[in-house]
Amino acid sequence: MRPTLFFLCMAIAAFTLLQSCIEDGVTTSPSDRPQFSTDTLKLGTVWTDTPSPTCRFTVYNPHDKILNLSRVSFRDDPYNAFRLNVDGTAGREITDVEVRPNDSIFVFVEATLPPTGVPQSVAVTSHIDFLVNGQISTVAVTADACDLKRLKAAVITSDTTFTAEYPIGVTDSLVVMSGATLTLEPGVRLLFHDKATMTVRGTLVALGSPDRRIDMTGDRTGSVVASIPYDIMSNQWGGLRFAAGSTGNMLHFTTVRNSAYGVMLDSLATLDMRGAILRNAASYPLLAVAAEVTAAGCEIAEGGDGVIALSGGSYRFDHCTVANHYLFSVIGGPAIQMDLRQGTPSQLKARFTNTIIYGLGDDLAKVSLKDMDVTFARCILKSSGTDDDNFVRCLWDTDPLYLLDRSRYIFDYHVKEGSPAEGEAMASEFAPVLSPDGQNVDGMIGAWGTGR
């Protein structure tokens, strides 16, 4: 290359670099303001005295020069409850953060709110101010502060009643000892921390109502990621276990959800369920060994291994919905798994009437029920087949038409208008039979009514 051409190329490169530096200079214009992905960051329900989930939003620089955030800080936060992380720098006040031209950064927010002293949730609002070139831009932060009554290694040794005044947080374990009865009044919320469990050696009487259900679930709020709420995540806590010999147990209009093993019954335990919902367990929502269970108008759904596992004992399901559209793994087995001990006398007695058994995977294990004391009467089944001594007036290979949208995380097992379940039920042995939302379902198969 000739010297003159070389120097010409160098001059062009230097000029380009100079122009780039000028373009990347820091803007000082008061009219150059940041933009935000939201004007209000909602933390949702936050348990007081407990760190909230971490939420975030985005700060955009739509300009052609660097935007310097001179100061980012909370306003109107008298309890110093809120915390910031701006582009990797944590603190209550962050200074001199640069955002490149046409680029963006993340702002993360957490809170540990003080107790409110009242049973109801209290709306809390603060503001994050962004000082840029002498001008302030603001993002509001809102939370619903809720006091929580906490139990740690709790042991119930005498008859006790939990009321619905405050949600109850179980840190690690809750045990009802033999000879004691724990009564849960309508509207009680039991919120279990990671791996926390409940064991009933005595008696649990959970008496919810259609308009004030009892809820047993994990204590996480917010979202795993932006579009997936913790409310649909399984394996958030251990589960509810009825130990051997635990009798007189009731789950009426009670929901047990988002656990590892759902509801488990050991030998000789008894459980009466009316309008109950057991759903979203990493293993089975209902697993019983040599126990006695009566269920009417219940929904039992979403399990990683299956929905119901029965071994020995006596079981009665009427007007129930058994469904599986589990999200978090390949489903490990059929919806209803029964240990029939082929070749030996079975100790299992099970009767399903007016019940829908339909979802992903098989509905029933591919084994013969001949000579077994197991009956499916007037049930909707996914399987193809014909009636015999074990299957009476069943609707085979029939889609019940759930109001389900798995892609949008809507697990609604009401059935659509025009469902083949409508008006097809046998006379119920339970009077009246109510669905989990309190509807009388004597005139239809399954726990759920037509679309709302």
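Undergrad: Mind showing me how you'd approach the overall build of the chain here?
TA: Summing up its helical and strand segments, the chain has one helix and 40 strands in all. Whereas a compact globule of 452 residues would reach a radius of gyration of roughly 22 Å, the chain reaches 29 Å, over 25% beyond that. Judged by the C-alpha coordinates and their principal axes, the chain covers about 100 × 60 × 40 Å. By residue count, 49% of the 452 residues in the chain fall in the buried class. Carbon and sulfur atoms provide 52% of the accessible area of the chain, an area that totals close to 20,300 Å². When the 36 positive and 51 negative side-chain charges of the chain are each reduced to one mean point, those points stand 2 Å apart.

Undergrad: How should the pattern of salt bridges be read in this particular structure?
TA: A side chain of one charge can pair with a side chain of the opposite charge when the charged atoms of the two come close. Scanning the entire structure with this criterion turns up 13 salt bridges. When the shortest N-O distance is used, the salt bridge between R75 and D76 registers 3.8 Å. When its relative accessible area of 36% is taken as the criterion, D76 is described as partly exposed. K195 is the salt-bridge partner of D194, the closest N and O atoms lying 3.2 Å from each other. Of the residues examined, K195 reaches a relative accessible area of 64% and is grouped as exposed.

Undergrad: Would you mind showing me how to read unusual backbone geometry here?
TA: The phi torsion of most residues other than glycine is negative, and most of the peptide bonds are trans. Residue D49 is not a glycine yet carries a positive backbone phi of 60°. With respect to the element layout, D49 can be found in the loop between β2 (40-47) and β3 (55-61). The class of D49 is exposed, set by a relative accessible area of 53%.

Undergrad: What am I meant to see in the environment of T95 here?
TA: Inspection of the secondary structure assignment puts T95 in strand β7 (residues 93-99). Taking the C-alpha atoms as reference points, T95 and L131, separated by 36 residues in sequence, lie 9.2 Å from one another. Leaving out residues up to four positions away in the same chain, T95 has contacts with L69, S70 and R71.

Undergrad: Even after reading the chapter, I still don't get the sheet that holds strand β17 (residues 189-192), so can you show me in this structure?
TA: Strand pairing in a sheet relies on backbone hydrogen bonds, with the paired strands running either antiparallel or parallel. Within the open sheet, the ten strands sit side by side as β11-β14-β17-β20-β25-β28-β30-β32-β35-β37. Their pairing is parallel. Where the open sheet ends on each side, the last strands, each with one partner, are β11 (149-151) and β37 (380-381). Note: strand β35 (residues 356-357) against β37, two bridges, orientation parallel. By the bridge assignment, I356 is partnered in β37 with I380.

Undergrad: Looking at this structure, how should I read the pairing of strand β8 (residues 103-111)?
TA: Remark: a regular strand shows side chains that alternate across the two faces of the sheet. Examined bridge by bridge, β3 and β8 share seven bridges and lie antiparallel to one another. Residue V59 lies in a different strand from β8, and its bridge partner there is I105.

Undergrad: What am I meant to see in the packing of aromatic side chains here?
TA: Taken as a whole and assessed by the stated rule, the structure comprises 13 aromatic pairs. Taking 6.1 Å as the distance between ring centres and 55° as the angle between the ring planes, the aromatic pair formed by F106 and F108 counts as tilted. Take F106: its relative accessible area is 35%, and that puts it in the partly exposed class. Taking the centre distance of 4.7 Å and the plane angle of 80° together, the rings of Y402 and Y413 count as edge-to-face. Linking Y402 in strand β39 (residues 402-405) with Y413 in strand β40 (residues 410-415), this pair joins segments that are eleven residues apart in sequence.

Undergrad: Mind showing me how you'd approach the confidence of the model for the chain here?
TA: Atom-level detail of predicted coordinates should not be read off regions where pLDDT is low. When pLDDT is averaged across the chain, the result is 90; 91% of the residues are at 70 or more. Contacts for the low-pLDDT stretch residues 5-10, under 50 throughout, to residues beyond four places or in other chains number one contact.

Undergrad: Teacher, can you tell me more about the side chain of S73 here?
TA: Inspection of the secondary structure puts S73 in strand β4 (residues 67-75). Excluding its chain neighbours within four sequence positions, the residues that come into contact with S73 are L84, R92, E93, H127, I128 and D129.

Undergrad: Teacher, can you tell me more about the environment of V118 here?
TA: Its location among the elements puts V118 in the loop between β8 and β9 (122-132). Classification of V118 by relative accessible area gives partly exposed; the value is 31%. When the C-alpha atoms of V118 and D412 are compared, they prove to be 33 Å apart, with 294 residues separating the residues in sequence. Not counting residues within four places of it along the chain, the set of residues in contact with V118 comprises D147 and Y166.

Here is what the cut-offs are and how they apply
- Residues numbered from 1 in each chain as written.
- Predicted model: local features only at pLDDT ≥ 70, side-chain atom pairs only at ≥ 80, totals over all residues.
- Heavy atoms only, no water.
- Helix = DSSP H or I, 4+ residues; strand = E, 2+ residues; numbered from the N terminus.
- Rg over C-alpha atoms; globule rule 2.2 N^0.38 Å.
- Buried < 20%, exposed > 50% of the residue type's maximum accessible area, 1.4 Å probe, protein only.
- Areas by Shrake-Rupley, 256 points an atom, 1.4 Å probe, with all protein chains shown as cover.
- Lys, Arg positive; Asp, Glu negative; His and termini not counted.
- Charge placed at Lys NZ, Arg CZ, Asp CG, Glu CD.
- Salt bridge = Lys/Arg side-chain N within 4 Å of Asp/Glu carboxyl O.
- Contact = heavy atoms within 4.5 Å.
- Pairing = 2+ DSSP bridges.
- Phe/Tyr/Trp six-rings, centres within 6.5 Å; stacked < 30°, edge-to-face > 60°.
- pLDDT = per-residue confidence, 0-100.

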